[in-house]
Amino acid sequence: MDAPQPAGAPASGFPIPRHDAARPSGSSSASGAGIFDLLRRFADTRYIRNGISGLSDLHLVVGQPPTFRFDTELQRLPGAEPLTQCAIEDMLFPLLAPALVEKLRSGAVEDADAGFEWQEEGLSFRINVFRDRHGIASAFRVLPRAIPSVESIGFPSEHVWK
C-alpha cells in the first residue's frame, strides 16, 4: 500500500471531511467514527463527478487512522487517531459471518473476502480481511450500483472485441 498523504491533505482538491453531522448507532473507533460513519461517505454526492464516485476504498490498519482512496490518492481521515486492533475488530466483525470471525480470531484464516450490502444506503462492498505485521486489517471496495454499458464508459471501438 502506498504511503498515505499527510492528515488533512486534499487530493485533487477534494478534502475528506472529518465527521458527518448525523451519527448512526454502532461501534466507534479510536477515530471517533463508527463503521457506518465511514462507509456512508461512499454515498456522499460531494465525491461524485460525471456519475462516478472518486472514493473507491476504505483501509483499516492498526496504527493508522482510517484511510480512503480518493482519485487514486490515499488520504487519512483528517483529525482521526490511529486505529487499534480492538477498534478494527469492533467495526469489522459485526459485518462478517460468525464462522469467519471465529477463524480470524483463532488465526486459522490469514486472508478472507466477504461481501456486505447496506440496503438502506443502496451500497454494496467487497471486504478483504487480512493479517499484516500489526494484526487484522481490512480494505473495503465500494461496488458500482449498476454495471455501465461498454458504450457509456467510452471503451474503444468494436474492433477491440474481435
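This is a predicted model, so every value here is computed, not measured.

Rules used throughout
For every chain, the first residue of its written sequence is number 1, and the numbers climb from 1 along that sequence. Only residues with pLDDT of 70 or above have their local features reported here, since the model is predicted, and side-chain atom pairs are shown and tallied only from 80 upward, although totals for entire chains, interfaces and linings are computed over all residues. Processing note: side-chain calculations cover all non-hydrogen atoms of the structure and skip hydrogens and water entirely. Helix and strand assignments come from DSSP, with helices taken as H or I runs of at least 4 residues and strands as E runs of at least 2, each series counted from the N terminus. Residue exposure (1.4 Å probe, protein chains only): buried if accessible area is under 20% of the type maximum, exposed if over 50%, otherwise partly exposed. Note on definitions: a residue-residue contact is assigned when non-hydrogen atoms from the two residues lie within 4.5 Å. Counted as salt bridges are all cases of a side-chain nitrogen of Lys or Arg within 4 Å of a carboxyl oxygen of Asp or Glu. Here, the arc refers to the directions that run from the helix axis to the C-beta atoms. Aromatic rings from Phe, Tyr and Trp, taking only the six-membered ring of Trp, are treated as a pair when their centres fall within 6.5 Å; an angle between ring planes under 30 degrees marks them as stacked, one over 60 as edge-to-face, and anything in between as tilted. Residues enter a nonpolar core if they are buried and are Ala, Val, Leu, Ile, Met, Phe, Trp, Tyr or Cys, with the set joined through side-chain atoms within 4.5 Å. Each pair of strands is called paired provided DSSP finds at least two bridges between the two strands.

**Q** Let's hear about the overall build of the protein: which residues, and what values?
**A** Each helix and strand in the protein was counted, giving three helices and eight strands. The order of helices and strands in the protein, counted from the N terminus, is α-β-β-β-β-β-α-α-β-β-β. Across the 162 residues of the protein, 38% fall into the buried class. Within the protein, residue pairs in contact and separated by at least 24 positions form 46% of the contacts whose partners lie at least 6 positions apart.

**Q** Any details on the pattern of salt bridges? Residues and values, ideally.
**A** Inspection of the entire model under this criterion finds five salt bridges. With a shortest N-O distance of 3.4 Å, Arg40 and Glu121 are connected by a salt bridge. Pair noted here: Arg40 is in helix H1 (residues 35–40) and Glu121 is in the loop between strand E6 (111–118) and strand E7 (123–132), with a separation of 81 residues, a long-range link. The class for Arg40 is partly exposed, based on a relative accessible area of 23%. Here Arg131 makes a salt bridge to Glu110, at a shortest N to O gap of 4.0 Å. A residue pair is termed long-range when its members are at least 10 positions apart, and Arg131 in strand E7 and Glu110 in the loop between helix H3 (98–106) and E6 qualify at 21 residues. For Glu110, a relative accessible area of 47% translates into the label partly exposed. Taken together, the salt bridges that share partners define one network made up of Asp57, Arg69 and Arg141.

**Q** I'd love a proper account of H3, names of residues and values included.
**A** Considered for burial, the residues of H3 that qualify are Leu100, Val101 and Leu104. Down the axis of H3, the buried side of the element spans an arc of 100 degrees, and every buried residue falls inside it. Those residues of H3 that are exposed and angled more than 90 degrees off the buried face are Pro98, Ala99 and Arg105. Packed against the buried residues of H3 are E6, E7 and strand E8 (135–143). Once H3 ends, the next one or two residues include Gly107, with phi positive near 85 degrees.

**Q** Hey, could you go over the packing of aromatic side chains for me, with residue numbers and the actual values?
**A** Tallied over the full model, the rule gives seven aromatic pairs. On the numbers, 5.8 Å between centres and 55 degrees between planes, the contact of Phe42 with Phe68 is tilted. A residue pair is termed long-range when its members are at least 10 positions apart, and Phe42 in the loop between H1 and strand E1 (48–49) and Phe68 in strand E4 (residues 67–70) qualify at 26 residues. Of the residues examined, Phe68 reaches a relative accessible area of 0% and is grouped as buried. Centre to centre, the rings of Phe42 and Phe125 are 5.3 Å apart; their planes meet at 70 degrees, and the pair counts as edge-to-face. Of this pair, Phe42 sits in the loop between H1 and E1 while Phe125 sits in strand E7, and the two are 83 residues apart along the sequence. As far as burial versus exposure is concerned, Phe42 and Phe125 are alike and both buried. By way of ring pairs, the aromatic residues Phe36, Phe42, Phe68, Phe116, Trp118, Phe125 and Phe140 are connected into one cluster.

**Q** Before we move on, could you go through the nonpolar core and cite the residues and values that matter?
**A** Counting 37 residues, the largest nonpolar core has Leu39, Phe42, Leu58, Leu60, Leu96 and Phe140 as its most contacted members. Those elements giving two or more residues to this core turn out to be H1, strand E3 (55–60), E4, helix H2 (85–92), H3, E6, E7 and E8. What Leu96 contacts, discounting residues up to four positions off in sequence, is Val101, Leu104, Ala114, Ile127 and Val129.

**Q** Tell me about the pairing of strand E5 (residues 73–76), and name the residues and values.
**A** Where E4 meets E5, four bridges bridge the pair, whose relative direction is antiparallel. Note that in E5 the partner of Phe68 across the bridge is Gln75. Connecting the antiparallel pair E4 and E5 is a turn made up of two residues, with Asp71 showing a positive phi of about 50 degrees.

By themselves, these figures tell us nothing about what the structure is for.
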